[in-house]
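Chains, contacts and geometry: an overview
Now for the letters of each chain:
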Amino acid sequence: MRIEDSFSEVLQSNQYCSDINWKNLLATEAADRVAQTTLKPSIQTARVPVFELTCNLLYDFEPNELLHFVAYAHLVRDLQHGVDITFTRRLRKGYFYQRAINCISPPTSTSTTNQIKAYCQLVLSSDYPNVELQALTILLDNELWVDAIHVMKQVFSQISPPLQCALFHRALIHFSKGDVLQTHLHQIWELLPDTFNVLDFVSVLKTIKTQEEDDVYVPVRRLSVNELTPYILQLLSQTHPHNKQKESQEI
């Protein structure tokens, strides 16, 4: 769900750099003349930086444009300082994404689908640890199953084996709880981590069984033994999809 830096050519044309006061827009503190502008001067207004204010407005009304705006902000900042910017002045890749995350509210039950996706996109682009697991959990909690699988496919080759197993385990649990595991198990299984073994799968099945017993008011269709057998046999033989690709390449 990441968005690549596809706006550099537009920015280098100075179309946006010349029309917008980016210095004030990217400032970490609100400008005095902005903070003091109000229809009722007697009312104390909050000193909200323009960047944070813009992020909140986009998140509320145009969430699909939020990540685009943050990407612009980072690119403009780099272009303003040029290629010779010193290391001490160079910003981390995720700096503006983290500023955006810190100023908006995490998704709730009243959030729109676009807001949830936008928040996850910011998380994935930030420098926070284990952002892949955090983004996946948000999507799973909000039952955005297709988007969750898309994120897993996108990040799996870029993360460590333990984190792969954590994502795989969490996906199996949530898809089962949402009563959609039988529909999506084949797609999830294509991402089977090399270090995920039959004991891990048994642990998942036990967790699923415990949740089903506790959640007596929600009937969940359990996967039958016949449906599970091929997956268990694959784990026992350790013929993971990744290993098959490696073997074919070696041959």
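Predicted model only: the values in this text are computed from it and were never measured. (Residues numbered from 1 in each chain as written. Predicted model: local features only at pLDDT ≥ 70, side-chain atom pairs only at ≥ 80, totals over all residues. Heavy atoms only, no water.)

Each aromatic ring pair is summarised here by two numbers: the centre-to-centre distance and the angle between the ring planes. Evaluation of the coordinates by the stated rule reveals eight aromatic pairs. On the numbers, 5.4 Å between centres and 55° between planes, the contact of Phe-51 with Phe-96 is tilted. Here the residue Phe-51 occupies a position in helix H4 (residues 50–61), and Phe-96 occupies one in helix H6 (residues 95–103), the gap between them amounting to 45 residues. For the residue pair Phe-51 and Phe-96, the accessibility class agrees, reading buried in each case. Linked through ring pairs, Phe-168, Trp-189, Phe-196, Phe-201 and Tyr-231 together constitute an aromatic cluster. (Phe/Tyr/Trp six-rings, centres within 6.5 Å; stacked < 30°, edge-to-face > 60°. Helix = DSSP H or I, 4+ residues; strand = E, 2+ residues; numbered from the N terminus. Buried < 20%, exposed > 50% of the residue type's maximum accessible area, 1.4 Å probe, protein only.)

Take the pattern of salt bridges next. Scanning the model with the defined rule gives two salt bridges in all. Between Arg-99 and Glu-52 there is a salt bridge; the shortest N-O distance is 2.9 Å. Here the residue Arg-99 occupies a position in helix H6, and Glu-52 occupies one in helix H4, the gap between them amounting to 47 residues. The residue Lys-117 makes a salt bridge to Asp-147 at a minimum N-O spacing of 3.7 Å. Here Lys-117, found in helix H7 (residues 113–125), pairs with Asp-147, found in helix H9 (residues 145–155); they are 30 residues apart in sequence, far enough to count as distant. What makes Lys-117 partly exposed here is its relative accessible area of 26%. We classify Asp-147 as buried; its relative accessible area is 19%. (Salt bridge = Lys/Arg side-chain N within 4 Å of Asp/Glu carboxyl O.)

With that settled, consider the side chain of Gln-164. Position of Gln-164 relative to the elements: it lies in helix H10 (residues 161–177). Other than its neighbours up to four places away in sequence, Gln-164 contacts Phe-156, Ile-159 and Pro-193. (Contact = heavy atoms within 4.5 Å.)

In terms of residue burial, H6 counts as a mostly covered element, since seven of its nine residues are buried. Considered for burial, the residues of H6 that qualify are Phe-96, Tyr-97, Gln-98, Arg-99, Ala-100, Ile-101 and Cys-103.

Moving on: the packing of H9 against helix H11 (residues 181–189). Following both chains from N to C, one finds H9 and H11 inclined at 10°, their axes separated by 11 Å at the closest point. The orientation of H9 with respect to H11, classified from their angle, is roughly parallel. For the pair H9 and H11, the contacting residues are Trp-145, Ile-149 and Lys-153 in the first and His-184, Gln-187 and Ile-188 in the second. Among the residues forming the contact of H9 with H11, the class breakdown is three nonpolar, two polar and one charged. (Axes fitted to C-alpha atoms, helices over the stretch in contact; angles between N-to-C directions. Parallel < 35°, antiparallel > 145°, perpendicular 65-115°, else oblique. Nonpolar A, V, L, I, M, F, W, Y, C, P; charged D, E, K, R; others polar.)

Attention now moves to a nonpolar patch on the surface. A cluster of nonpolar residues, Val-48, Leu-53, Leu-57 and Phe-61, forms a patch on the protein surface that exposes about 390 Å² of accessible area. The topology assignment puts Leu-53 in helix H4. Residue Leu-53 is classed as partly exposed on the basis of its relative accessible area, which comes to 43%. (Patch = residues over 30% accessible without salt bridge, like charges linked within 9 Å, V, L, I, M, F, W, Y side chains within 5 Å. Areas by Shrake-Rupley, 256 points an atom, 1.4 Å probe, with all protein chains shown as cover.)

Attention now goes to the environment of Leu-167. For Leu-167, the position within the fold is in helix H10. When the C-alpha positions of Leu-167 and Met-152 are compared, they lie 7.4 Å apart, and in sequence the two are 15 residues distant. Not counting the four nearest positions on each side in its chain, Leu-167 is found in contact with Glu-132, Leu-133, Leu-136, Met-152, Val-155, Phe-156 and Ile-159.

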